[in-house]
Amino acid sequence: MKRLAFFVLILLSSLTLTADVTLSVTSSGASLRHGRLHLEIEAGELAAPQPAQILIDGREVHEFELVEGKQTVTIEAAAAGSVSEVTVRTTGAEATTRLEQIPGWLSILPPLIAIALALLFKDVLIALFAGVFSGAMILYHWNPIRAFARTIDSFVAPALADGDHAKIIIFSVLLGGMVGLITRSGGTQGIVERIKGFATNARRGQVTTWVMGIFIFFDDYANSLIVGSTMRPITDRLRISREKLAYIVDSTAAPVASIFPISTWIGFEIGLIAAAFTQLDLPFNAYTTLIASIPYRFYPIFALVLGFAIAFTCRDFGPMLRAERRASETGKVIADGDTPLADYNATSMAPPDGIPKRARNALIPIFTVIAMTIIGLFVSGSAAVNRADYPSAYKWLQDVFSNASSLDALLWASLTAVVVALLLPLAQRLLTIRQAMDAMVEGFKAMLLALIVLVLAWSIGSICAQLHTADFVVGLTQGVLSPHWLPVLVFIASAAISFATGTSWGTMGILMPLVIPIAHGLSLGAGHPVGSEAYHVFMLGTISSVLAGSVWGDHCSPISDTTILSSMGSGSDHIAHVRTQLPYAFAIGILGMLIGDIATAFGLNVWLALALGSAMIVGAVLLLGKRSDWQAEQVPSP
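Quick caveat: nothing in here was measured; it's all calculated off a predicted structure.

Draft legend 1. Representation of the pairing of strand β5 (residues 50–56). Among the 7 residues of β5, 5 are classified as buried, and the element is accordingly described as predominantly covered. Relative to strand β6 (residues 59–66), β5 runs antiparallel, the two sharing 7 bridges. Considered in β6, the bridge of Gln53 is made with Glu63. Taken together, β5 and the strand that follows it, β6, pair antiparallel across an intervening segment of 2 residues, in which Asp57 is found at a positive phi of about 55 degrees. Bridging between β5 and strand β8 (residues 85–90) involves 5 bridges; their strand directions are antiparallel. Its bridge partner being in β8, Gln53 is matched across the sheet by Arg89.

Encoded structure:
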């Protein structure tokens, strides 16, 4: 079935014929999908609803009631025909917009171009810009001059101006300043001196990194930056490649945050599930359903198992094995020609000669970030939850953290931490005020490249939204006939959308309202009533597949923010990180589908599936993984 998408390019946003009515048709809501044309219409200053008409190429095709504010009007595709212009008209005002008919498959080109160029040329900036520019070319009638101009003013600038994006940027910059200060004050070197007594070989260094990743469970952003920047000097000394460090960091960040019962992810996930349950009038609790779905999230769980197995055995395969052999046998933790995504200049960031290297100057700011994040989550969440409504303190705390504002908490935490990191060396007279400020600025500057990459990644996400990339991928999975195959198909769709768009949360927001009703309807159609064991398995399998598939695609995608932050914190070349991590992530994703999604849908016990999958992972690492000659000499076999 040929899929088409109509996208609006505004030529005339509104034409006001009277002083008290304004009217416009916006660009984001016009699309033709599954036989219907959707228009978003906005009206202002209406005293009461009034009749309005929609004209296509001057021919009236639809009447509706216009209300003040934004509304979506749907027209059957048969009425639209071959259109080039849509006019919305009411008494006293009208607005006209032009439509361009674009084949749906073009919507996946921008992310595919960005991903292909990133992997081919190993330059993420050029790749991302090319992806945004190609999307602008599609949206703006293949006019290169107009597309070039709109790339910066319609996509890059709004991505930078978005409130949540600004919070992530400020958090990253402040955390970079904190790292600069603790490095310059000797705190990082102090940690190295403390930990090196335990991290005496590659195994202990990697296991320590993995444990730290599990410990910072509450947020994937904080996890990626704190663990990577803290362990980087230690893993460098142990001849562990930056690619390996970035992999261990990335394989614990989003996976552990996505499955932990209290984290910054939980509130978002509960809200999506609860809305779908309310729509279907299902008597289920969203939070308990979410907790029950954790064992079915095979990819995040298997990713954690694989990360520990590889760290403990020091065995690798594929591109990671080559990177580890290079690092361990030559001492080059970064390959020749590679560029770290964030690089703390060794000269300007090195501690002054003669000052004591005190671990507390790093540990106190790091624990400040952790403690203030938890406190911030509690403060912002408790403001939205009434304690008197909860007889159980445990349930109240669950809802407090579920309703917390994670980005605000991270902002408070990073600001507090950078102030603490600034005051500590000043109070001990380790640095002058000028040296401290210079170190903080160097930390800010170290984040510049990564922040540019983030802004471009968000820009290509905006392109994908306007091209309805997710809608096209979702449409490819519709028409499922059996509930047994729904979880694995949903996992594939989630992974594809998340990989193409670089966002796990956006993928969850798109798919969850769609797949829960599909799982409900297919289960009833197959003779499995609400409350039955089969219904329970299919529903949990479908919900968990959205969550796990989103993490998998986000984990593999070079335009993912968490993947970028992992490269940033670890000081790894970004494309090298993606290239070495991809075989591991791909293998675990396939295993999760076969042993997990498919097998449990056909009756395999979920705990048995987890045990079998974990055993297969450990066995594969031991049988197929190899160590470099240098590691074989330094690390005894497990």
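Draft legend 2. Spotlight on the pattern of salt bridges. Across all of its chains, the model carries 10 salt bridges by this definition. The shortest N-O distance in the salt bridge between Lys244 and Asp316 comes to 2.9 Å. Of this pair, Lys244 sits in helix α9 (residues 242–259) while Asp316 is found in the loop between α12 (298–313) and α13 (319–330), placing the two residues 72 residues apart along the sequence. Judged by its relative accessible area of 0%, Lys244 falls in the buried class. Here the residues in one salt-bridge network are Lys244, Asp316 and Glu324, joined through shared partners.

Draft legend 3. The packing of aromatic side chains, seen in detail. This model, assessed by the stated rule, comprises 14 aromatic pairs. For the ring pair Tyr296 and Phe298, a centre distance of 6.4 Å and an interplane angle of 75 degrees mean the geometry is edge-to-face. Centroid distance Phe317 to Tyr584: 4.8 Å. Interplanar angle 70 degrees. Geometry classified as edge-to-face. Linking Phe317 in the loop between α12 and α13 with Tyr584 in helix α25 (residues 574–601), this pair joins segments that are 267 residues apart in sequence. Exposure remark for Phe317: the relative accessible area of 27% places this residue in the partly exposed category. Taken together, the ring pairs connect Tyr299, Phe491, Trp552 and Phe586 into an aromatic cluster.

Calculation rules
- Residues numbered from 1 in each chain as written.
- Predicted model: local features only at pLDDT ≥ 70, side-chain atom pairs only at ≥ 80, totals over all residues.
- Heavy atoms only, no water.
- Buried < 20%, exposed > 50% of the residue type's maximum accessible area, 1.4 Å probe, protein only.
- Helix = DSSP H or I, 4+ residues; strand = E, 2+ residues; numbered from the N terminus.
- Pairing = 2+ DSSP bridges.
- Salt bridge = Lys/Arg side-chain N within 4 Å of Asp/Glu carboxyl O.
- Phe/Tyr/Trp six-rings, centres within 6.5 Å; stacked < 30°, edge-to-face > 60°.

Everything listed here is a matter of geometry and, on its own, says nothing about what the molecule does.
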